[in-house]
Amino acid sequence: MTDVERPKLTKKDFASDQEVRWCPGCGDYAILNALQRYMAETEADPAKTVFVSGIGCSSRFPYYMNTYGFHTIHGRAPAVATGVKVANPELDVWIVTGDGDSLSIGGNHLAHILRRNLDVNILMFNNEIYGLTKGQYSPTSPVGTKKKSTPMGSIDRPFEPVQFALGSQATFVARTIDQDQKHMSKTLAAAAAHRGTSFIEVLQNCVIFNKDFYASTVEKKVRPERTIDLSPGNPLVYGGDSDKGLRFRGFEVERCAADEADVWHSDTQSPAPAVLLSGMRDDEQMPVPIGVFRNVEAPIYETGVHAQVEDAIARKGEGDLRDLVYAGEVWTVPADEA
Amino acid sequence: MTDVERPKLTKKDFASDQEVRWCPGCGDYAILNALQRYMAETEADPAKTVFVSGIGCSSRFPYYMNTYGFHTIHGRAPAVATGVKVANPELDVWIVTGDGDSLSIGGNHLAHILRRNLDVNILMFNNEIYGLTKGQYSPTSPVGTKKKSTPMGSIDRPFEPVQFALGSQATFVARTIDQDQKHMSKTLAAAAAHRGTSFIEVLQNCVIFNKDFYASTVEKKVRPERTIDLSPGNPLVYGGDSDKGLRFRGFEVERCAADEADVWHSDTQSPAPAVLLSGMRDDEQMPVPIGVFRNVEAPIYETGVHAQVEDAIARKGEGDLRDLVYAGEVWTVPADEA
Amino acid sequence: MTSTSAQNTSAGELPLQQLDRVVIRFAGDSGDGMQVTGNQFTRTSALFGNDLATLPDFPAEIRAPAGTRPGVSGFQLQFSASDIHTPGDQPDVLVAMNPAALMVNIGSLKAGGVVIVNTDAFKATDLRKAKCDTNPLEDGTLDGFRVIEVDINTRVGEALADSPLSNRDKQRCKNFYTLGLMYWVYSRPLEPTLEWLEKKFAGKDDLIEANQTALKAGYNSGDIRELFQGQYEVPKAKLAPGTYRNVMGNQALAIGLVAGARLAGLQPVFCSYPITPASGVLESLAAYKNHGVVTIQSEDEIAAICSAIGASFAGTLGMTGTSGPGMALKGEAMGLAIATELPLVIVDVQRAGPSTGMPTKVEQSDLLSSIYGRNGDAPMPVVAISKPSDAFELSIEACRIAVQYMTPVILLSDNFIANGAEPWQLPDLDALQRFDVEFTTEKTDDFLSFGRDDKLARPWVKPGTPGMEFRIGGLEKAPTSNISYDPDNHQRMTDIRHQKVRNVADTIPTPTVDGPDSGDLLVVGWGSTVGILTQAVETARAKGLSVSRMHLTHVWPLPHGLDEIFSRFDGILVPEMNVAQMTVLLRGELPDHDYIPYNKVTGQPFLVAEVVTEIERVLTERSKKA
Amino acid sequence: MTSTSAQNTSAGELPLQQLDRVVIRFAGDSGDGMQVTGNQFTRTSALFGNDLATLPDFPAEIRAPAGTRPGVSGFQLQFSASDIHTPGDQPDVLVAMNPAALMVNIGSLKAGGVVIVNTDAFKATDLRKAKCDTNPLEDGTLDGFRVIEVDINTRVGEALADSPLSNRDKQRCKNFYTLGLMYWVYSRPLEPTLEWLEKKFAGKDDLIEANQTALKAGYNSGDIRELFQGQYEVPKAKLAPGTYRNVMGNQALAIGLVAGARLAGLQPVFCSYPITPASGVLESLAAYKNHGVVTIQSEDEIAAICSAIGASFAGTLGMTGTSGPGMALKGEAMGLAIATELPLVIVDVQRAGPSTGMPTKVEQSDLLSSIYGRNGDAPMPVVAISKPSDAFELSIEACRIAVQYMTPVILLSDNFIANGAEPWQLPDLDALQRFDVEFTTEKTDDFLSFGRDDKLARPWVKPGTPGMEFRIGGLEKAPTSNISYDPDNHQRMTDIRHQKVRNVADTIPTPTVDGPDSGDLLVVGWGSTVGILTQAVETARAKGLSVSRMHLTHVWPLPHGLDEIFSRFDGILVPEMNVAQMTVLLRGELPDHDYIPYNKVTGQPFLVAEVVTEIERVLTERSKKA
Ligand SMILES: Cc1ncc(C[n+]2csc(CCOP(=O)(O)OP(=O)(O)O)c2C)c(N)n1
Ligand SMILES: Cc1ncc(C[n+]2csc(CCOP(=O)(O)OP(=O)(O)O)c2C)c(N)n1
Ligand code: SF4
Ligand code: SF4
Ligand SMILES: [Mg+2]
Ligand SMILES: [Mg+2]
């Protein structure tokens with residue numbers, strides 16, 4: 001994506017002229033900040049970068065990036081992005097979506113882009129709420145969520161976004177936190193490095209309708225004890241002074257001393273280990289995993305599409321319109337007959 | 001569902017007056033046969049039974065059952081069934097769908113009914129093809145499938161239906177085979193016994209457009225060697241004379257002698273083991289698992305919905321329209337003022 | 001200060017001056033609580049006995065940064081001693097809490113009107129946020145208006161000197177100070193708001209205390225009173241005798257759906273996916289569980305309507321609600337409900353389009369898509385609400401049509417109705433007509449799942465009924481409900497589907513003509529323009545013009561008798577907040593008349609003055625022609 | 001045997017009789033290969049030089065059990081020495097391979113027509129499957145027809161006595177035996193089919209051998225020849241000089257899309273989800289990869305149109321195709337394409353509705369939903385194909401409009417066009433007008449992402465272009481493309497969106513009037529009724545009636561000049577295969593004329609005779625009135 005000709009861009013160069021409009025204190029600001037910084041640091045080319053989103057507070061994101069951007073319709077960003085990427089694989093395509101946009105109305109398109117494995121990055125801002133429509137529970141809200149449309153509490157069992165992605169054959173799945181800029185850049189870098197669809201769940205704070213829903217896990221003070229960073233190739237350790245660890249016992253995880261911790265691998269043949277760890281989210285006794293759950297290679301959809309076109313041309317020769325029109329049995333009625 | 005008053009019904013009593021219309025030799029006939037027999041054997045009440053389907057050859061199913069039936073629109077059967085079951089939890093609701101109906105256009109509704117865990121049964125006929133539209137590849141067709149719309153072979157990586165269901169928090173997931181009537185009844189019984197959404201993938205043969213796509217696994221001769229029946233509480237053994245077995249080594253499965261086989265549990269806290277085994281499908285060295293992958297209990301959606309209504313009535317008293325209309329501050333303009 | 005009627009009576013130094021009607025607009029930052037302020041003033045005035053109409057003007061869904069123009073939230077209300085139909089074209093009084101609010105709203109303030117500004121909010125930083133290069137208080141922006149400057153922050157600070165609240169929280173009471181001030185000016189009682197605060201902040205005594213203090217401080221700020229040169233009074237309105245309450249459209253609509261289901265003897269099952277401005281219907285209904293209401297928040301609009309269809313199939317009354325983009329998604333499933341002939345109520349709270357458009361703004365542009373927006377010949381009745389106070393009745397009407405004709409019905413509302421409030425003369429519940437559903441439970445010899453009654457409705461058989469098992473679906477069907485590709489059958493079914501919907505006209509009243517029943521011009525409206533059109537036509541007639549008015553609540557099928565009525569007028573003026581959609585509909589159905597479309601598509605309601613001008617323009621033009 | 005023209009000439013015992021035109025219908029079980037038989041006869045006749053038109057009549061999508069009536073598959077073709085426009089109302093000859101085929105089709109056979117039956121297929125079991133209580137060969141069903149009984153199974157068995165094929169496979173050759181027989185009767189050459197078989201079964205010599213043998217056996221079955229009392233000949237037609245090929249609608253449409261993209265200088269990206277009867281377009285295009293065509297089989301119709309929109313955003317030409325139910329699903333995304341003003345071609349191969357309806361049957365009932373089926377005021381051009389041979393040209397036209405006006409365009413076809421075949425006079429490709437897209441690559445001082453050219457189209461900027469970065473979306477936008485809720489801006493944008501679409505009329509021709517350019521009646525049609533209407537109006541004029549005809553290919557916006565033309569006729573008859581949708585459209589746009597709707601909704605095309613009768617009815621009725 002970098003281009004020696006261009007002058008080095010700064011974070012500000014990635015900010016569009018449109019005034020940023022999120023509630024004061026919204027977690028989205030931190031994500032925007034991290035992304036603009038990341039783009040500058042990696043010397044991304046604004047002209048070759050496209051942000052595609054659906055509808056939601058999170059989905060306003062593209063308007064604030066000084067790149068190409070498409071704020072589409074609710075839930076359909078993966079479908080639009082598929083068209084963009086297939087039409088021009090040169091473009092660096094980012095999808096920004098929310099828990100409602102991607103897992104409520106848009107669940108099917110998300111699942112299909114993941115199985116097709118286009119080379120795009122998906123940022124799913126999970127605030128466990130519909131922010132833009134003023135606070136109804138979402139498919140990631142825990143059972144019992146009391147909001148406007150569920151005065152007695154929600155009944156539906158929530159999706160576990162990581163498991164949903166894995167169940168859709170995702171090749172890269174990670175989770176990070178709006179407040180943790182360092183971890184976010186690290187995760188963005190890993191996602192960008194991965195060839196294929198990268199799915200990143202960003203835990204995001206909706207200060208207005210779901211304030212601090214995850215404070216108990218990610219507040220600076222408690223974060224070390226309540227979260228564990230899945231860092232491929234490194235042991236599963238966590239805790240303020242990295243004194244705690246996790247190890248597998250059959251199909252269960254147990255806490256242990258740091259030095260007894262198992263090493264994390266995100267590229268196992270089966271996604272089973274990632275499924276197992278992602279299940280810890282609801283278990284108070286266990287830390288919430290962030291970092292890279294899965295990272296494997298697989299053929300890329302748009303590459304295959306264009307390979308077939310080139311292959312066909314190589315075999316049949318560059319098609320001429322005449323070959324199509326004057327195909328099959330043609331016959332001529334000479335003028336004199338008329 | 002049974003009702004002592006009623007005379008015992010036979011299989012024929014569950015056949016509707018509508019002529020069955022599938023291609024001669026279609027696997028759908030076997031499934032219809034198994035289901036009609038199953039209904040008779042379990043003394044199901046036709047009046048309390050509803051079959052809901054989408055669109056596809058498979059989705060014509062309800063027309064052939066002498067029960068209540070709704071042949072809806074493509075991909076939406078789970079959404080329609082949700083309304084039916086919530087409106088009247090007394091009804092025994094069965095969803096019949098195909099790989100295209102449920103995993104292409106209908107993937108999102110399938111995922112959401114699974115997470116909500118309504119007490120319904122889903123039969124997904126997987127022939128890895130769009131039968132009704134005359135043979136285009138489907139989201140379960142293997143990469144490289146050459147059909148009308150993919151003359152050079154399909155590029156998309158397929159879904160693994162079992163993993164998709166597990167990723168959607170399914171509480172019951174099983175797989176059976178159109179040709180194996182015994183195994184099908186056994187699986188139907190297990191599904192019916194389970195409280196919550198039961199998802200059954202039925203491997204089905206489309207003799208016209210995808211003939212014997214899975215012959216190499218389920219043909220009577222090869223079936224014992226190429227499939228393994230996941231039977232909860234029993235060891236993972238297979239083979240003509242049950243001489244082969246499977247055992248877990250960390251997050252991998254390996255073949256072993258029957259007596260070294262691990263015992264299968266479908267109710268582990270994490271779905272990881274089911275994810276692991278379902279992954280064997282594409283591995284020639286390994287048998288294709290059929291039977292029950294997962295079977296756990298979880299709260300049921302429609303039960304929760306009606307519990308809240310009753311609870312509200314219990315606490316606020318049976319609502320009277322007057323309470324709604326004459327609510328808040330009301331004031332009166334006396335006649336004389338006018 | 002003046003008002004449309006008092007304008008003429010020279011306003012003197014009288015201590016207490018009587019006014020017929022007043023239009024006030026409260027404007028401030030989204031965070032300033034202007035909606036609360038407006039609603040409290042509305043409530044108090046209603047309880048006091050005025051007639052009134054309100055127009056909340058929300059900013060875009062997402063909060064803009066504090067102090068910016070896009071972040072401005074407004075609330076306009078007209079309250080009066082005589083009956084009124086609109087929130088008023090131009091405010092007599094503008095309350096502006098900051099520069100942004102002032103700049104956004106000053107344009108619509110009536111010439112010579114009063115503007116009350118919070119001078120504490122006009123610091124350099126505030127001006128910058130509002131993109132003001134110069135200070136509007138000094139640069140002449142306010143010439144021609146009566147400006148009343150109040151240092152509200154300071155005064156609130158003083159008033160709450162010994163409150164334990166943080167300064168930030170103290171300033172949150174600004175709006176109640178302002179409200180108190182306006183209460184004094186218009187001689188409103190404080191009690192209703194004082195009580196409301198008790199309830200609202202029950203348990204949080206500091207907050208109750210502080211807000212009440214601020215309210216009283218505003219009411220009693222003597223020195224400012226001077227500036228107003230006296231107090232004003234707007235006497236009780238002569239409303240028709242009866243019991244009233246204030247109601248917003250979404251709420252009345254929700255209550256109407258509960259009533260409709262009850263009158264049909266069915267349980268209501270409302271399935272919906274949130275969307276602005278329709279979410280309020282789902283949220284209201286979700287709170288009515290003790291009334292037997294079942295609500296499902298679906299994964300999307302398609303699932304919502306499909307679940308509602310399933311619910312109706314199972315024998316309850318399925319309902320769904322959404323707005324523009326959601327309607328576009330429901331088209332295919334609407335076709336299924338039409339093909340399977342199941343009762344269903346589809347609520348569409350219209351908003352500005354196309355596509356995502358302007359979700360918080362008003363428009364009437366879903367009319368033709370409601371009638372034609374599905375594949376195939378797929379007719380369905382469409383009913384249009386025109387104001388919060390008729391939402392109850394028309395929601396019941398939609399339920400009646402749905403169950404009596406076994407058909408889906410679209411119930412159109414819009415953003416203006418949904419969030420607007422007005423006094424609602426409460427109906428006599430015992431007088432409501434029941435339309436109990438009788439499910440078919442037995443097979444007579446000539447029974448057919450798609451047999452027909454005199455209305456052409458098919459029998460409704462409820463799953464669970466022994467011996468009545470049948471199958472339905474979206475494929476064309478024979479009267480037995482089995483699949484049929486027979487050409488004659490398809491023609492027959494197509495004709496029946498159309499005739500059945502047309503039959504609905506037999507059970508709806510011919511709308512009355514407001515004004516002479518013949519003349520130069522008939523103004524035909526539908527939906528939320530009713531108030532503006534009523535007042536505009538009254539005004540035009542007062543000017544001696546030969547113009548009458550008719551308002552349609554049943555837009556498909558059209559009521560009987562229109563052809564005859566239309567023929568008594570030389571021209572039909574059709575004002576709409578869309579691009580001539582009703583005109584197209586009328587031309588298609590009643591081709592023999594001369595329709596003049598008049599359209600406004602700004603996301604804002606018509607102004608009475610605009611419509612009057614258009615009526616005059618049309619009539620003079622035609623007299624020239626003649 | 002007779003034919004419409006030869007009817008009068010007393011058919012004698014002549015060895016070789018000349019006929020002007022013949023209508024044959026092949027009917028048999030889905031498994032009997034009637035479509036292949038029909039296509040071969042079509043091909044051979046085309047190559048021979050006849051004009052022709054075909055009408056395949058498929059059973060419902062799913063195969064019914066062999067031998068049943070729902071399982072019957074038919075193929076009708078008319079071939080002639082003069083130019084024709086329809087597959088013919090009633091067959092002169094019916095070939096019935098089994099009782100079911102006989103019963104389903106005998107009703108439409110012309111009085112005195114010839115029916116050829118396969119007697120071997122009339123055993124008791126066959127009769128039972130076809131629900132015949134008595135044997136139609138004996139019970140008088142065939143009185144009034146000339147019945148030619150052939151024991152086809154037996155003869156095929158004998159002919160293939162020493163073929164290595166299984167008996168089952170041998171019987172699969174029945175259709176070629178029958179074809180051979182008809183070839184002899186109508187003096188057609190065998191070669192084209194013999195060659196086709198070589199290609200078709202390349203590598204399977206036994207099959208080639210067997211089918212060729214069967215074909216020849218049929219051709220040479222001397223004894224049967226007797227029954228026909230001689231042979232017939234339909235001379236070459238006098239087609240306009242040029243190069244021809246046979247083409248089916250879906251195929252010509254696909255080729256046209258490739259041509260359209262090429263003329264715009266863009267890569268075509270066609271995204272679609274299979275659906276009957278539109279799947280053929282996707283399948284054709286998928287085979288054109290060496291022409292740079294990209295096809296995506298999407299997960300559903302919404303994804304398909306959204307991916308196509310994304311492709312256009314990225315600078316290729318996005319296209320999507322579907323049928324009724326799929327159209328209903330695309331509504332919301334169409335709104336997005338309209339709001340973002342991106343070029344897009346949306347193909348709708350109409351089928352019988354509502355809902356799933358009758359997927360294999362023809363209808364024109366998506367007209368109004370194409371124009372109005374979206375939330376908000378969301379105008380978009382609509383072009384309607386009328387026959388396989390103009391699908392190429394009109395597909396190009398749709399692409400032209402899309403890129404020149406930066407707008408989505410709907411291209412309507414239907415089941416009759418999609419699967420019908422006719423000779424296509426191949427265009428001079430070098431004469432095709434190019435309309436190359438010029439992407440904007442630099443910012444002039446007055447550049448605006450939503451600035452306007454003289455057509456009101458906005459500039460097309462391609463992502464990847466340095467310095468031109470911009471954001472678009474479905475929210476209302478200012479000319480800068482930034483979000484705007486400004487009331488005046490919304491009015492302006494709404495007006496521009498409408499005017500831009502209306503401007504398309506400036507670049508489309510005013511349709512010509514077939515017949516006198518004034519008179520009692522003008523028949524206005526659109527879509528696949530063109531052939532029937534042409535012939536019907538010719539016939540009516542031949543009867544001395546004052547009737548002319550016009551056919552619309554651009555249904556939205558309407559071409560200029562119609563108002564003036566219509567005013568020259570007393571009445572406008574509008575025949576359609578829907579419930580008066582074009583009538584509604586015309587009344588809305590051109591209210592000053594007297595439209596008479598004439599509708600048929602059976603899933604079957606009009607018959608020429610029906611239309612003639614209706615024309616007569618209308619004219620006599622009006623003459624009475626006058
Ligand atoms: C078709 C459609 N349905 C519904 C809506 C209303 N809507 C807009 S955003 C949204 C949910 C947003 O939630 P999420 O994706 O989590 O985004 P957030 O606002 O929380 O960032 C909904 C229901 C819409 N705009 N379009
Ligand atoms: C909205 C819509 N899109 C597309 C179709 C066309 N269609 C009908 S069935 C089908 C796929 C069927 O495949 P599957 O669900 O696997 O069922 P099968 O026929 O293989 O049993 C499609 C694409 C339709 N009927 N409706
Ligand atoms: S509503 Fe929540 S998510 Fe949306 S902008 Fe405000 S804080 Fe952020
Ligand atoms: S097409 Fe395939 S799935 Fe459909 S009925 Fe025929 S054999 Fe069965
Ligand atoms: Mg959210
Ligand atoms: Mg299938």
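Going by the structure above, here's the rest.
Residues numbered from 1 in each chain as written. Chains lettered and ligands numbered in written order. Predicted model: local features only at pLDDT ≥ 70, side-chain atom pairs only at ≥ 80, totals over all residues. Heavy atoms only, no water.

Novice: Any chance you could break down the overall build of chain A for me, citing the residues and the numbers?
Specialist: When its secondary structure is counted, chain A shows eleven helices and twelve strands. For chain A, the C-alpha atoms occupy an extent of roughly 95 × 50 × 45 Å along the three principal directions. Here chain A holds 338 residues, and the buried ones make up 64% of them. At a minimum sequence separation of 6, the contacts of chain A that also span at least 24 residues come to 67%. Carbon and sulfur atoms make up 52% of the accessible area of chain A, which totals about 11,600 Å². With 35 positive and 45 negative side-chain charges, chain A shows a separation of 7 Å between the mean positions of the two kinds. (Helix = DSSP H or I, 4+ residues; strand = E, 2+ residues; numbered from the N terminus. Buried < 20%, exposed > 50% of the residue type's maximum accessible area, 1.4 Å probe, protein only. Contact = heavy atoms within 4.5 Å. Areas by Shrake-Rupley, 256 points an atom, 1.4 Å probe, with all protein chains shown as cover. Lys, Arg positive; Asp, Glu negative; His and termini not counted. Charge placed at Lys NZ, Arg CZ, Asp CG, Glu CD.)

Novice: I'd like a description of the packing of aromatic side chains, backed by residues and values.
Specialist: Counted by the stated rule, this structure contains 55 aromatic pairs over all chains. Relative to Tyr-273 of chain D, the ring of Tyr-130 of chain B has its centre 5.7 Å away and its plane inclined at 70°; by these criteria the two rings are edge-to-face. Taken together, the residues span two chains, with Tyr-130 of chain B in the loop between β4 (121-126) and α5 (161-167) and Tyr-273 of chain D in the loop between β10 (268-272) and α11 (279-286). Residue classification places Tyr-130 of chain B among the buried positions, given a relative accessible area of 8%. Measuring from centroid to centroid gives 6.4 Å for Phe-41 of chain D and Tyr-186 of chain D, while their planes differ by 75°, and the two rings are edge-to-face. Of this pair, Phe-41 of chain D sits in helix α1 (residues 34-48) while Tyr-186 of chain D is found in the loop between α6 (174-185) and α7 (191-200), placing the two residues 145 residues apart along the sequence. The buried category is assigned to Tyr-186 of chain D, whose relative accessible area is 1%. Grouping aromatic residues by their ring pairs yields a cluster made of Trp-22, Tyr-29, Tyr-38, Phe-51, Phe-61, Tyr-64, Trp-94 and Phe-125 of chain A. Positioned above the aromatic ring of Tyr-301 of chain A, the side-chain terminus of Arg-116 of chain A is 5.8 Å from the ring centre. (Phe/Tyr/Trp six-rings, centres within 6.5 Å; stacked < 30°, edge-to-face > 60°. Lys NZ or Arg CZ within 6 Å of the ring centre and 35° of its normal.)

Novice: I'd like to hear about the nonpolar core, residue by residue, with values.
Specialist: Leu-257 and Phe-566 of chain C together with Leu-257 and Phe-566 of chain D are the most contacted members of the largest nonpolar core, which has 343 residues in total. Those residues in contact with Leu-257 of chain C, other than ones at most four positions away along the chain, are Phe-270, Val-281, Leu-285, Met-319, Val-345, Val-347, Ser-395 and Cys-399 of chain C. Counting 51 residues, the second largest nonpolar core, distinct from the first, contains Leu-52, Ile-116, Ile-148 and Ala-217 of chain C. (Core = buried A, V, L, I, M, F, W, Y, C linked by side-chain atoms within 4.5 Å.)

Novice: Before we move on, could you go through the packing of helix α1 (residues 34-48) of chain C against helix α7 (residues 191-200) of chain C and cite the residues and values that matter?
Specialist: Residues and elements named next belong to chain C. α7 packs onto α1 with a crossing angle of 125° between their chain directions and a minimal axis gap of 9 Å. Taken together, the axes of α1 and α7 are oblique relative to one another. For the element pair α1 and α7, the recorded crossing hand is right-handed. For the pair α1 and α7, contact is made by Val-36, Gln-40, Arg-43, Thr-44 and Leu-47 and by Pro-192, Thr-193 and Trp-196, respectively. Looking at the contact of α1 with α7 residue by residue, the classes come out as four nonpolar, three polar and one charged. (Axes fitted to C-alpha atoms, helices over the stretch in contact; angles between N-to-C directions. Parallel < 35°, antiparallel > 145°, perpendicular 65-115°, else oblique. Left-handed = near helix turned anticlockwise from the far one by under 90°. Nonpolar A, V, L, I, M, F, W, Y, C, P; charged D, E, K, R; others polar.)

As far as function goes, none of this settles anything; it's purely spatial.
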